[in-house]
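Listed below are the residues making up each chain.
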Amino acid sequence: MARKKDHIAAGGTGGGSRAVEGRDARALAHALELLADLSEIKGEVRFKVIAYRRAAEAVRGMGDEILETDSVARLKAIPGIGEAIARKILEFKETGTIGKLEELKEEIPEEVVSLLQVPGLGPRRARLVFEELGVRSLDDLQRAAEEHLLAPLPGLGPKVEAGILEGIKHLRGTAGRIFINQAYEQASGIVDAMLEKLPELRISAAGSLRRMKETIGDIDILAAYGEPHEVTKAFRSLPLVSKVIMSGETRSSVFTRDMLQVDLRVVDTSSWGAALQYFTGSKEHNVRLRELARRQGLKVNEYGVFRVEDDGRMAGADEEGVYAALGLSMPPPELREDRGEIEAAMRGELPSLIGLERIRGDFHVHTRDSDGYHDLEEMRAAAEKLGYSWLGISNHAANLRVARGLDADGLLALVERIEELNAKGDSPVTLLAGCELNIGNDGELDYDDEVLSRLHFAIASVHGGFGQSREAMTRRISRAMRNPFVNIIGHPTGRLIGSRPPYELDLDELLEVAAETGTALELNAFPDRLDLCDHHLRRAKEAGVKIAIGTDAHRAEHLRFMLYGVATARRGWLEGGDVLNLLDAEFLRSLFR
Ligand SMILES: [Zn+2]
Ligand SMILES: [Zn+2]
C-alpha cells in the first residue's frame, strides 16, 4: 500500500491543511463526542445528544477544512450542523475547547464516559454509580460489582449487577480488541504528531497493526532517536493522551482519549531495523526466522543478526538487511504469519502484492437513493479526490425495505441519471450503474431479467435467512451465481467481526461454482466485515476466482476504507491479476456483459 518508507502514514486517509496543534478536526470531533456522552450521562434531552453525535461525524468527514470556515452561516450549510453547534465550533476554533463541555466536565469527570461501553449499564446508571459510589473507571465498577455494592442501588438489583460484571469481563476479553481502522487512524495521528515535534525521528507502527491484522489489541509504536527521553516526553504530552500508564526513559504506555492503549518503545538508531523486524512479529514468523538463523550459525534478536561463534554483528540498522543476512528477500509485514512466506522468500518467490495506488475504483457504494448519506455527485467527487477512474453505485434492492431498497422504477430512474451524468463528461470518474441485490432464501433475486439487463453490473448478497443449513445456504448462493446478471457475491460469509459469526457455508463448493461461472467474490472492506477474510482470499486465489473489493460506503468518507480492503488482500497474498479493481471501466463493462 501507499506507505512512506518506515512508518505507517496517513496515506490516502489524511490530507488537508494542518490546523493549530490540539485544534484540529480530530480534536474537535472528540470534543463533540465527549459533549454528547457527558450530556447523555447528565440526562440532557435526547435530541441534543443526537445532534452532537451527528455533528462529530460531520466534522470527522470534513477533516481540517471545517476549521477554515469562519461564519455561522457557512457552517450551518454543512449537513449535520445547526446554529448552536456552529457557534460551538467557532468557539473551539478560538479557544481550543467548548465552554459547555468544560462546565459538564466539572460536574462529571471525563473518565466516567468509559463506563458507557459496559453492556447493561447505560448513561443513567453510569451517573448513578458515579454519584452514589464514586465509581469513575472500569476498575472501580468491577470492584463495586464484586463487592455487591451495585445491587442495593435503586433500580439495579442482583441480576443487573451480575450482568454488569459479565459485561466488564466480556469487554476485557475478545471485545478488548479494536477494529483495524480505529487503530490505524489513532496510530497515524500519533506518528504525524510525533514527527511534527521531532522531524528527525524514525517512527513506525509495529506489531499486529503493522501487519494490518483485522483486529488489534494494543497499539505498538517503535521509534529511534538520539535522545530517547525526549521521545517519551513528547509522546506523553501529545494532546490525545488521556492517561499515562507507565513511563520510563525508553518505554512509555498511555491511554488515548478514545481509551486505547498505546505502547511506545524507543531504540537505538543502529538497531532500528532489527527492532522493527522483531516487534512487528508475528511470533510464529519470528520463531521460524530464529530457527533458520540457528541452522546458519547465526542468531537474531531485537538488536541485530549476530554470528554465534564470535558475536560479530552482521546486520541490524535496516530491516531489509536483517532478512538479507539470513539469505532472504524481505516479506512485506502483511505476510509475516508463517504461512509460507519464509519458504517463498528463500526461493525469491514472494508475491508481488497489490497496492492502494493501483486501485482504480470501488464496486460497492450506497447513495442517498437507498440508505446512504451522500448523493451521486458527492460520492463521485469523493472518488475523484482519491484518484479513481470509476465508481460502482450499488444501492439496496427492492426486497430490503429496511434499507430503503429501490423498486424497479426507482432503480431504472437511477440508471438513467447515472447515464446522463456520465454523458456530461465533466468528471474523470465514470459511474457504473449497479445494484446490491438480495439473494432470497432459494436464491431468487429482486427484479426480473428485463430490469437486470439495464444494469452495468450487479452484486448479490445475503441479507437475511442466516440460519439456513450449510447445504441450503450453499445451494442458495450458487443459484444466484448461476444467474448471468450477477457479477459479484457481496460479503460472501456474512460475518460481522465481534458481533455475528459467518453463516454455515461450503466455501470450496462456492469457489468451484464461482470459477465455473466467472463470478467474482467480494472483499468487503468495511472494517467490521473484511469479508472474505485473508485466509479465504488465498483459497479463492488458488481456485482462480477473481476478487472485487468494495467498501460498502454509506458516506463519502467510507470510501477510504479501501485502505483496509487492500491490506486484507495483501494478507491474502493477492496480486494484480487477482483483483478486478485494477481494471478500467470500459474493460469491466465488457467483462460484465
Ligand atoms: Zn450488504
Ligand atoms: Zn452494501
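*Asks:* Tell me about the environment of leucine 559, and name the residues and values.
*Replies:* Its place among the elements puts leucine 559 in the loop between strand 18 (547-550) and helix 22 (562-571). Between the C-alpha atoms of leucine 559 and glutamate 420, which are 139 residues apart in sequence, the distance is 23 Å. Leave out the neighbours within four places in its chain, and leucine 559 touches Asp362, Val365, Met379, Ala382, Ala383, Leu386, Tyr388, Leu391, Thr551 and Ala553.

*Asks:* Please set out the side chain of arginine 476 residue by residue, giving values where relevant.
*Replies:* Checked against the element boundaries, arginine 476 lands in helix 19 (residues 470-482). Of the side chains with opposite charge, glutamate 444 comes closest to the buried, unpaired arginine 476, at an N-O distance of 6.7 Å. In terms of polar contacts, arginine 476 uses its side chain to reach the side chain of glutamine 468, at 2.9 Å. Not counting residues up to four positions away in its chain, the partners in contact with arginine 476 are Ile439, Gly440, Asn441, Asp442, Gly443, Val462, Gly464, Gly465 and Gln468.

*Asks:* Describe in detail the coordination of the zinc ion (ligand 2), supporting the description with residues and values.
*Replies:* Each donor-metal-donor angle would ideally measure 109.5 degrees in four-coordinate tetrahedral geometry, or 90 or 180 degrees in six-coordinate octahedral geometry. Around the zinc ion (ligand 2), the protein contributes the donor atoms His364 (NE2), His366 (NE2), Glu436 (OE) and Asp552 (OD), which lie 2.1 to 2.2 Å from the metal centre. The coordination sphere of the zinc ion (ligand 2) comprises four donor atoms, whose angles at the metal cover 82 to 167°; the geometry is irregular. In primary sequence terms, the donor set of the zinc ion (ligand 2) follows H-x1-H-x69-E-x115-D. Separating the zinc ion (ligand 2) and the zinc ion (ligand 1) is a distance of 3.5 Å, and glutamate 436 donates to both of them. Of this pair, histidine 366 sits in the loop between strand 11 (361-365) and helix 16 (376-385) while glutamate 436 sits in strand 14 (residues 436-438); the two residues are 70 residues apart in sequence, bridging distant segments of the chain. Since its relative accessible area comes to 0%, histidine 366 is described here as buried.

*Asks:* Lay out the coordination of the zinc ion (ligand 1) with the relevant residues and their values.
*Replies:* Around the zinc ion (ligand 1), the protein contributes the donor atoms Glu436 (OE), His463 (NE2) and His491 (NE2), which lie 2.0 to 2.2 Å from the metal centre. Counting the intervening residues between successive donors of the zinc ion (ligand 1) yields the motif E-x26-H-x27-H. Overall, glutamate 436 belongs to the buried group, its relative accessible area being 0%. Its relative accessible area of 1% is what places histidine 491 among the buried residues.

*Asks:* Quick rundown of the packing of aromatic side chains? Include the residues and the values.
*Replies:* In total, this model carries nine aromatic pairs according to the counting rule given. Centre to centre, the rings of phenylalanine 526 and phenylalanine 561 are 5.0 Å apart; their planes meet at 85°, and the pair counts as edge-to-face. Placement of phenylalanine 526 in the loop between strand 17 (520-524) and helix 21 (534-542) and of phenylalanine 561 in the loop between strand 18 and helix 22 is noted, with a sequence separation of 35 residues between them. Taking the relative accessible area as the measure of exposure, phenylalanine 561 reaches 10% and is therefore buried. Taken together, a centroid distance of 6.2 Å and an interplanar angle of 45° make the contact between phenylalanine 561 and tyrosine 564 tilted. Clustering of aromatic rings is evident, with ring pairs tying together Tyr184, Phe526, Phe561 and Tyr564. We note arginine 538 situated over the ring of tryptophan 573; from NZ or CZ to the ring centre the distance is 3.8 Å. Sitting over the ring of tyrosine 373, arginine 555 keeps its end group 3.8 Å from the ring centre.

*Asks:* Give a description of the side chain of aspartate 534 that names residues and reports values.
*Replies:* Its location among the elements puts aspartate 534 in helix 21. When near neighbours in sequence (up to four residues on either side) are disregarded, aspartate 534 contacts Arg339, Thr568, Arg571 and Gly572.

*Asks:* Please provide a residue-by-residue account of the pairing of strand 18, values included.
*Replies:* With burial as the criterion, each face of strand 18 is covered, one bearing Ile547 and Ile549 and the other bearing Ala548 and Gly550. Taken together, strand 17, helix 21 and strand 18 constitute a β-α-β crossover, and its handedness is right-handed.

*Asks:* Break down the pairing of strand 13 (residues 430-433) for me, citing the residues and quoting the values.
*Replies:* Here strand 12 (residues 390-393) pairs with strand 13 via four bridges, running parallel. The residue bridging isoleucine 393 from the neighbouring strand is alanine 433, located in strand 13. This β-α-β element, strand 12 to helix 17 (residues 408-424) to strand 13, shows right-handed connectivity.

*Asks:* Please give an account of the packing of helix 20 (residues 507-517) against helix 21 that cites residues and values.
*Replies:* Where helix 20 contacts helix 21, the two axes come as close as 10 Å, and the packing angle between them is 45°. By the criterion of interaxial angle, the relationship of helix 20 to helix 21 is oblique. Considering the relative orientation of helix 20 and helix 21, their crossing is right-handed. Residue-level inspection shows Leu507, Asp508 and Leu511 of helix 20 in contact with helix 21, the latter providing His536, Arg539 and Ala540. Tallied by class, residues from the contact of helix 20 with helix 21 come to three nonpolar, one polar and two charged.

*Asks:* With reference to specific residues and values, describe the domain arrangement of the protein chain.
*Replies:* Examined at the domain level, the protein chain breaks down into domain 1 (11-107), domain 2 (110-176), domain 3 (178-267), domain 4 (272-346) and domain 5 (356-592). Contacts between domain 1 and domain 2 engage nine residues on the former and seven residues on the latter. Carbon and sulfur atoms supply 70% of the area that domain 1 and domain 2 bury against each other, a total of about 760 Å² over both sides. Connecting domain 1 to domain 2 are one salt bridge.

*Asks:* Summarise the sheet that holds strand 15 (residues 459-461); cite the residues concerned and give the values.
*Replies:* Read from one edge of the open sheet, five strands run 14-15-16-17-18, paired in parallel fashion. Of all strands in the sheet, those bounded by a partner on one side alone are strand 14 and strand 18. Judged from the three bridges that link them, strand 14 and strand 15 form a sheet pairing that is parallel. Paired with glutamate 436 across the two strands is isoleucine 459, which belongs to strand 15. Relative to the sheet, helix 22 contacts strand 17 and strand 18, its axis offset from that of strand 18 by approximately 150°.

Rules used in this analysis
Residues numbered from 1 in each chain as written. Chains lettered and ligands numbered in written order. Predicted model: local features only at pLDDT ≥ 70, side-chain atom pairs only at ≥ 80, totals over all residues. Heavy atoms only, no water. Helix = DSSP H or I, 4+ residues; strand = E, 2+ residues; numbered from the N terminus. Contact = heavy atoms within 4.5 Å. Buried < 20%, exposed > 50% of the residue type's maximum accessible area, 1.4 Å probe, protein only. Lys, Arg positive; Asp, Glu negative; His and termini not counted. Salt bridge = Lys/Arg side-chain N within 4 Å of Asp/Glu carboxyl O. Polar contact = N/O pair within 3.5 Å; in protein donor to acceptor, adjacent residues only side chain to side chain. Donors = N, O, S within 2.8 Å, 3.2 Å for Na, K, Ca; no water. Tetrahedral: all angles 85-135°; square planar, octahedral: opposite > 155°, others 65-115°. Phe/Tyr/Trp six-rings, centres within 6.5 Å; stacked < 30°, edge-to-face > 60°. Lys NZ or Arg CZ within 6 Å of the ring centre and 35° of its normal. Right-handed = clockwise from strand over helix to strand, strands pointing away. Pairing = 2+ DSSP bridges. Axes fitted to C-alpha atoms, helices over the stretch in contact; angles between N-to-C directions. Parallel < 35°, antiparallel > 145°, perpendicular 65-115°, else oblique. Left-handed = near helix turned anticlockwise from the far one by under 90°. Nonpolar A, V, L, I, M, F, W, Y, C, P; charged D, E, K, R; others polar. Domains from an automatic or database assignment. Buried area = accessible area lost by both parts, 1.4 Å probe.

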